[in-house]
Amino acid sequence: MQTDVNENSSTPKYWLSLEQWRNDEGFKELAQREFLSSPLAEDNKTPAGGWARREFLQLMGASLALSTFGCVRRPVEKIVPYAKRPKEIIPGLPNYYASTFVDGYDVVGTVVRTREGRPIKIEGNEFYPGSGEGLSARGQAQILSLYDPDRLTGPVQNLVNAKRTNKDTVSTNWVKAESALKAALGEGGVYVLSSSNPSPTSRSIIEKFVAQGKGKYFEFDILDRSTFINSQGRVTGTEIMPSFDLSAADVIVGIDADYLGTGVASTAHQRAFALRRDPGGSMNHVIQFESMMTLTGTNADERYAIKPSEQLAIALKLAESICIQMGVSFPFAWREIYGSFNDTIKGFPFAKKLNSIAEKLVKAKGKSLVITGAEASMTQNQSAVYDVVNFINGVLGNDGKTVKYSNSVSSVRGSVASLNELISLMNQELVKTLIIHNSNPLYTLPEASGFRSALAKVKTVFYTGDRVNETGIGSNYIIPDHHPLEKWMDVENISGVLSLSQPTIQPLYDTKAFEDILLQTLGSTQTWNQTVKASTLAKVGGSEKSWVQFLQKGVYGTVENSPKSGRSYNGSPLKIRLDEAADFELVLYTTVGIKDGTLANVSWLQEFPDPITKICWDNYLCISPKTALDSGLNEGDVVALTSNGITLDVPVHIQPGLNDRVLALALGYGQKAAGKVANDIGVNAYQFAAIEKDQIIYSGMNAKFKKTGQQIALANVQGHHSMEGRQIVVEATLKDILEDPQAGQHKHKVFSLWSEHKYLGHKWGMAVDLSKCNGCGACMIACQAENNIPVVGKRHVLNGREMSWIRIDRYYTGTPENPDVVYQPLMCMHCDNAPCETVCPVLATVHSDEGTNDMVYNRCVGTRYCANNCPYKVRRFNWFNYSKVSNPLKMVLNPEVTVRSRGVMEKCTFCVQRVKAKKTEVKLADRKLQDQEIKTACQQTCAAEALVFGDLNDPSSEVSKMQRSLRSYSLLEELAVMPAVKYMSKVRNVSQLKGADNHKKGGHH
Amino acid sequence: MIKKLIGAVVVLAVLAGIYTFFHLLVNNKLSIGYNKGYQPTQPLPFSHKLHSGELGLDCKYCHASAEVSRHSAIPSLNVCMNCHINLNKESKYLTQLKEAYNSGDSIAWVKVHMLPDHVKFNHAPHIKAGKDCQTCHGPVEQMEKVYQHSDLSMGWCISCHREQMDSAAHSSIIEEVKNKDQGQDSKKHVPSIINCSTCHY
């Protein structure tokens, strides 16, 4: 059925995995089966899929017995009303509080939904500049960290032995802990270490405290950006983290940048980026040079796989070429180094393209942007690369236009220099007391940094973390801070824009705001809450009324647009160190889900498949297909990876589009004491990093690996739920789309045996713009939080039992050496002629008169016929009682959505609870429903605004307009199932699509 | 012989019993698992007959959230105290009430109306549609001790919803939409009142 235009007719044009590219027998079998295993066949030596008869009979017997005893009188239930009901709480109605999600220096304004006093969902705050209602997967997942069962319930003390290792952890009380702190303050030598602190009030209190204690306050981020800021200082004269305006950039060149995935302000970037991916408007052109495949790279029009040591050569070549074209002199100090790269540059497979890329940048001068700065760019020569990149932006006149200094990202404050200063002070035994706040240095800092041995010389260590993790074990006292959702906090992330965190729940445990402890120890009469209010009040207007407005809106201040250009820079000598070419260069990178590892114990994020590799519950060494072939490695083979004198055993993942000389490993895994979920998942890649005087090196390290002969199964969700090579994604070039909006689509003559449904009122539908979707996966976590979707664990994911209602399929196209990537969000299509409805023997899935495909859980008997008959593979079966969670985790459940039990089928409902809530609201207010008033959870969180939900019976609704667009197509149109979801083709701003498909009409059979 | 006769009688009796059981069940004469008539004893003998019937308090004075929320919600004790702060009739129950109010240890009432499992019911739109509380809850104003008046079964819900669907008002809405079906403005609100997802989601 599937033929393609590739030379090899059996090679698919779009492929999910290398197994499919090679057309493996294993993949074919996987694609054929909806259910990869049966629990009845498990642990039995029966052939896969066969029934283990004896167990089946046992189970039958058990369920018969249960059903006979089911008829007992319903238990007496009690209702306990409030004695004095707070007037803002009405049972059954949600309350919303403005807050802020602080993820290192990535800060997003949020709105927290609470029900009867407990937070259940976080959304983006529409008033927050840049990101708007968009919220990342991590922002969505923060809610679950509040209910983490592994959080400390009160202060603890470590009894330390002579060797200063933890002998025993005992609970203590606040009186003891605070008097210890008070004594330390009197003694002097009190230092504080934290990650970048975005709260001005918190910073001033800490400064006051360390001044009293004759110490100093150090800020340090493990995902450091200080070298970039320093470079800004050298090149433009101002040491700040500028903000990038992607919406103003016509051409964007990234050199190991990940501005869409894990970088600073990525949510805001996603929104601005998507604005420029509309073929109707002026589409940007995106070029990416990268060592590891990142979310940004997969969204680029042109992507080149490089190795870290080539970054500088590329940057210099671009700079030189731009200088010539602009008539500016290329800095004299760089000529010698540039000359030494001559051969390297000539050797690039894309050598000829570099001049034309420079040309494109020059053509778009003032409206172009060159970005770098991801972990993969943090080589030993990172400062040199940043200097050259900042120089290029200056020459192109981008400063003040696409690179903005007026609203810099002021929350990036930490630096490696301050960490090193602290370590040397500790070694000199000048640090008597160290307070570690919002940071886990004993996990993140490599042993070679000397932090651990220096810490042993500190007399008393306080740690404000919420668990006895690596740093907790190394501290004398753990004085747990509130969770951010329990705490007041003022945040200034973008200079000039204030936002606020306000408590959304009473502290669950016996915790104390860190700043409160400091204030109390200082003998202040004001509490932390009062201090935040007092110091913020003046900034937001001074009156009580303006304070209340600030509380409601959550944001104060606006983004200005005052341009400020940098000074002229003539290029000072680059600080570089050139090593001999290595066999393999190691890249440590961060993933969209786990990032630096701070939310690692949140199970949603562990089961969140990485957008690119689609693997969850592990980190792994990415190697290129050629490297795998040369060294005889298969997916999941464990290798011993050696770099910087450290060896760790990791499984390999064969990653298409990776440079053959690059090995890549994700940071944030391998925690030993983060909690039941995260412990011992993967390996700790931070160990390979090197901390130098003023920089951290995450990339370009010499590395080698050796096969160990062991195997670890990697839980890869892509490959499950395959749609077997029919026309799934439609792609076209911008040129073709402008000529023919239907370019790339293969139209079918469709006829239906069914009579049509009549929709007299609403007819709900959705449109998905594949050009805008960047695959970040925030919608998956948003759906999980909204719809009580359980986590099943690695073992069950390996059996194909993940429960996500919306998934993002990632297709490669082109060759494994350098493929393009298409992301496609896929949820229930709510077909008019739904194949699932016709096969359900008990009418548990039926059509509503508003066009949705309803799932009635209490009717479902679990035949799973519907899932077998679903061409889109969007139905999920509860093989076990996954939802059975204990307190406090179950407090996160949304009371508006049924918690499904074992034996029940489930799937996307188009957030029917949101539809109903809005319809009721409209009815009570006697008004008409407006378009875009109802937003599904996935749509709401999508920063790119790629998903739009609405009423198809309203011709003026946004979704109707999108579905009428000629770019829209139905998935598997030929089946005539009439899905209510339509996709808009993916448009690339390139001259030719990969996969050698030259003709404009797409074909598949 | 007698043994066989007894056996036959027993078998017949059992069959007759099963027949009657299903006959009653199918004809809605018998319901299983519903709590119709359930009349538990409450921790305080609050009398709806007195408050609602004799004193004429509106239901929604105490059950105010019924107008805006899915729950009609048992009133919090501060609602009782609106009046009882001034009404100081000597009574051990009132003393208990005030103690509970002052201590913040609220009263655990026994839930009377039990919806079947897996159903979501929302009071607000029903009140908005002009339904009297008595339609479902029966003559509460005459109840000294509240009992469940209706069985709250699915059949009971649907029968009322069907009546609404068949009512003249509703069919006129549908007609109007049909007429405009070809035209542009077909966006008249039609209540979708007997979808599965109306109550189950």
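Residues numbered from 1 in each chain as written. Chains lettered and ligands numbered in written order. Predicted model: local features only at pLDDT ≥ 70, side-chain atom pairs only at ≥ 80, totals over all residues.

1. Let's talk about the overall build of chain B
Defined as follows: Secondary structure elements follow DSSP: runs of H or I no shorter than four residues count as helices, runs of E no shorter than two count as strands, and numbering proceeds from the N terminus. Counting other C-beta atoms within 10 Å of its own, a residue is labelled buried from 20 upward, exposed at 12 or fewer, and partly exposed in the gap between, with every C-beta atom placed from the backbone. Here, residues touch in the contact sense if the C-beta positions derived from the backbone fall within 7 Å of one another.
Helices and strands together make up the secondary structure of chain B, namely 10 helices and one strand. For chain B, buried positions account for 14% of its 201 residues. Long-range pairs, those at least 24 residues apart, make up 67% of the contacts in chain B between residues at least 6 apart in sequence.

2. What to know about the overall build of chain A
Condition: With the radius of gyration taken over C-alpha atoms, the globule rule is written as 2.2 Å times the number of residues to the power 0.38.
In terms of regular secondary structure, chain A is built from 31 helices and 44 strands. Relative to the globule expectation of 30 Å for 1005 residues, the C-alpha radius of gyration of chain A, 28 Å, shows essentially globular dimensions. Across its three principal directions, the C-alpha atoms of chain A cover 80 × 75 × 60 Å. Going through the 1005 residues of chain A one by one, you find that 55% of them count as buried. Long-range contacts, defined here as pairs at least 24 residues apart, represent 74% of the contacts in chain A between residues at least 6 apart.

3. A short note on the sheet that holds strand 27 (residues 662-666) of chain A
Residues and elements named next belong to chain A. Where we set the bar: DSSP bridges decide pairing: two strands pair if at least two such bridges lie between them. Whenever a helix is involved, its axis is fitted only over the stretch in contact; in every case the axis is a line through C-alpha atoms, and angles between N-to-C directions fall within 0 to 180 degrees.
Strand order in the closed barrel formed by six strands is 22-27-24-26-25-30, and the pairing between neighbours is mixed. Averaged over all pairs of adjacent strands, the angle between strand axes in this sheet comes to 45°, irrespective of strand direction. Note that strand 24 (residues 621-623) and strand 26 (residues 646-654) share three bridges and pair parallel. Across the sheet, Leu621 pairs through a bridge with Val652, a residue of strand 26.

4. Remarks on the interface of chain B and chain A
Accessible area lost on assembly of the parts is the figure often given for the size of an interface. Selection rule: Residues are grouped as follows: Ala, Val, Leu, Ile, Met, Phe, Trp, Tyr, Cys and Pro are nonpolar; Asp, Glu, Lys and Arg are charged; all remaining types, including Gly, are polar.
Each partner contributes to the interface: chain B provides 42 residues, whereas chain A provides 38 residues. Counting only elements with at least two residues in the side of chain B that touches chain A, the list comes to helix 4 (77-84), helix 5 (92-103), strand 1 (109-110), helix 6 (123-128), helix 9 (168-179) and helix 10 (196-199) of chain B. By residue number, the principal contributor to the side of chain B that touches chain A is helix 6 of chain B, which donates three residues. For the side of chain B that touches chain A, a count of residues per class yields 20 nonpolar, 17 polar and five charged. Inspection of the sheet shows strand 2 (residues 78-79) of chain A paired to strand 1 of chain B by two bridges, in the antiparallel sense.

5. Brief notes about the packing of helix 10 (residues 311-326) of chain A against helix 14 (residues 382-395) of chain A
All names here are of chain A. So the rule is basically this: If an angle is under 35 degrees, it is roughly parallel; if it is over 145, roughly antiparallel; if it lies from 65 to 115, roughly perpendicular; otherwise it is oblique. For a crossing to be left-handed, the near helix must be turned anticlockwise from the far one by less than a right angle; the clockwise case is right-handed.
Between helix 10 and helix 14, the least distance of the axes is 9 Å, while the angle of their chain directions is 25°. Relative to helix 14, helix 10 is oriented roughly parallel. You can see that helix 10 and helix 14 cross each other, and the crossing is left-handed. Residue-level contacts link Gln311, Leu312, Ala315, Leu316, Leu318, Ala319, Ile322, Cys323 and Met326 of helix 10 to Ala384, Val385, Val388, Val389, Phe391, Ile392 and Val395 of helix 14. Grouping the amino acids of the contact of helix 10 with helix 14 by side-chain chemistry returns 15 nonpolar, one polar and no charged.

6. Observations regarding the confidence of the model for chain B
In low-pLDDT regions, the fine details of the predicted coordinates are not to be read closely. Residue and element names in this part refer to chain B. Filter applied, for reference: For every residue, the predictor assigns a confidence score, pLDDT, that lies between 0 and 100.
The pLDDT averaged across chain B works out to 84; a share of 84% of its residues lies at or above 70. Across chain B, strand 1 holds the top mean pLDDT of 94, while helix 9 sits lowest at 58. Complex prediction metrics read pTM 0.90 and ipTM 0.84.

7. Some remarks on the sheet that holds strand 5 (residues 118-124) of chain A
Residues and elements named next belong to chain A. Pairing is antiparallel across the open sheet formed by three strands, whose spatial order is 3-4-5. A single partner strand is all that each edge strand has here, and the edge strands are strand 3 (94-103) and strand 5. Taken over all neighbouring pairs, the strand axes of this sheet differ in orientation by 35° on average, direction set aside. The sheet contact formed by strand 4 (residues 106-115) and strand 5 spans six bridges and is antiparallel. Paired with Thr114 across the strands is Pro119, a residue of strand 5.

8. Quick word on the packing of helix 4 (residues 137-146) of chain A against helix 25 (residues 778-786) of chain A
Residue and element names in this part refer to chain A. Between helix 4 and helix 25, whose axes approach to 8 Å, the crossing angle comes to 25°. By the angle between their axes, helix 4 is roughly parallel relative to helix 25. The crossing of helix 4 and helix 25 is left-handed. Contacts between helix 4 and helix 25 involve Ala137, Gln140, Ala141 and Ile143 on the former and, on the latter, Ala778, Met780, Ile781, Ala782 and Ala785. Taken together, the residues of the contact of helix 4 with helix 25 sort by class into eight nonpolar, one polar and no charged.

9. So, the confidence of the model for chain A
Residues and elements named next belong to chain A. Across chain A, pLDDT averages 88, with 92% of residues at or above 70. Low confidence marks residues 42-72, where pLDDT is under 50. Its contacts with residues over four positions away, or in another chain, come to 17 contacts. Ignoring residues within four places in sequence, the model shows residues 996-1005, a span with pLDDT below 50, making 22 contacts including any to other chains.

10. A short note on the pairing of strand 25 (residues 637-643) of chain A
Along any regular strand the residues' side chains alternate between the sheet's two faces. Residues and elements named next belong to chain A. A one-sided burial pattern is seen for strand 25, the buried positions being Asp637, Val639, Leu641 and Ser643 and the unburied ones Val638, Ala640 and Thr642. Looking at chain direction, strand 25 and strand 30 (residues 699-711) are connected through six bridges and run antiparallel. Counterpart to Leu641 in the pairing with strand 30 is Phe705. In the sheet, strand 25 pairs with strand 26 via six bridges, with the strands oriented antiparallel.

11. Considering helix 5 (residues 174-187) of chain A
All names here are of chain A. Quick reminder of the rule: Multiplying 1.5 Å by the helix residue count minus one yields the expected span of that helix. The arc in question is traced by the directions running from the helix axis to the C-beta atoms.
Between the first and last C-alpha of helix 5 there are 20 Å, a value that for 14 residues agrees with the 20 Å anticipated at 1.5 Å per step. For helix 5, the set of buried residues is Ala177, Leu181, Ala184 and Leu185. Projected down its long axis, helix 5 shows its buried positions confined to an angular sector of 105°, all on one face. Exposed positions of helix 5 whose direction lies more than 90 degrees from the buried face are Val175, Lys176, Ser179, Ala183 and Gly186. On the buried face of helix 5, the contacting elements are strand 8 (190-194), helix 6 (200-212), strand 16 (433-437), strand 17 (460-463), strand 18 (477-478) and helix 19 (514-521). With its phi angle positive at about 90°, Gly188 sits one or two positions after the end of helix 5.

12. Some remarks on unusual backbone geometry
Residues and elements named next belong to chain A. The omega angle of the peptide bond from Asn887 to Pro888 is -5°, so this bond is cis rather than trans. Turning to its location among the elements, Pro888 is positioned in the loop between strand 39 (876-877) and strand 40 (905-906). Even without glycine at this site, Asn788 takes up a positive phi of about 55°. Tracing the backbone shows Asn788 in the loop between helix 25 and helix 26 (794-798). Residue classification places Asn788 among the buried positions, given that 21 C-beta atoms sit within 10 Å. One non-glycine residue, Lys873, adopts positive backbone phi at about 60°. Looking at the secondary structure, you find Lys873 in the loop between helix 28 (865-869) and strand 39. Given 18 C-beta atoms within a 10 Å radius, Lys873 is considered partly exposed.

13. Looking at the nonpolar core
The cut-off we apply is this: By definition, a nonpolar core groups buried Ala, Val, Leu, Ile, Met, Phe, Trp, Tyr and Cys residues that connect through C-beta atoms lying within 7 Å of each other.
In terms of nonpolar packing, the biggest core is built from 274 residues, with A:Ala315, A:Ile392, A:Leu588, A:Leu621, A:Leu663 and A:Val768 touching the most fellow members. If we skip the residues at most four places from it in the chain, A:Leu621 touches A:Val639, A:Leu641, A:Val650, A:Val652, A:His653, A:Leu663 and A:Leu665.

14. With respect to the environment of A:Gln963
If you trace the backbone, A:Gln963 turns up in helix 31 (residues 958-964). In contact with A:Gln963, not counting residues within four places along its chain, are A:Gly765, A:Ala767, A:Leu952, A:Ser968 and A:Lys982.

15. Quick notes on the environment of A:Thr813
Tracing the chain through its elements places A:Thr813 in strand 35 (residues 807-813). Considered as a pair, A:Thr813 and A:Glu310 are 503 residues apart in the sequence and their alpha carbons are 25 Å apart.

16. So, the environment of A:Gly765
Residues and elements named next belong to chain A. Secondary-structure assignment places Gly765 in strand 34 (residues 764-769). Judged by local crowding, Gly765 falls into the buried class, with 25 C-beta atoms found within 10 Å. On a C-alpha basis, the gap between Gly765 and Val107 in space is 33 Å, while along the polypeptide they are 658 residues apart. In contact with Gly765, not counting residues within four places along its chain, are Gly851, Gly950, Leu952, Val959, Gln963, Ala980 and Val981.

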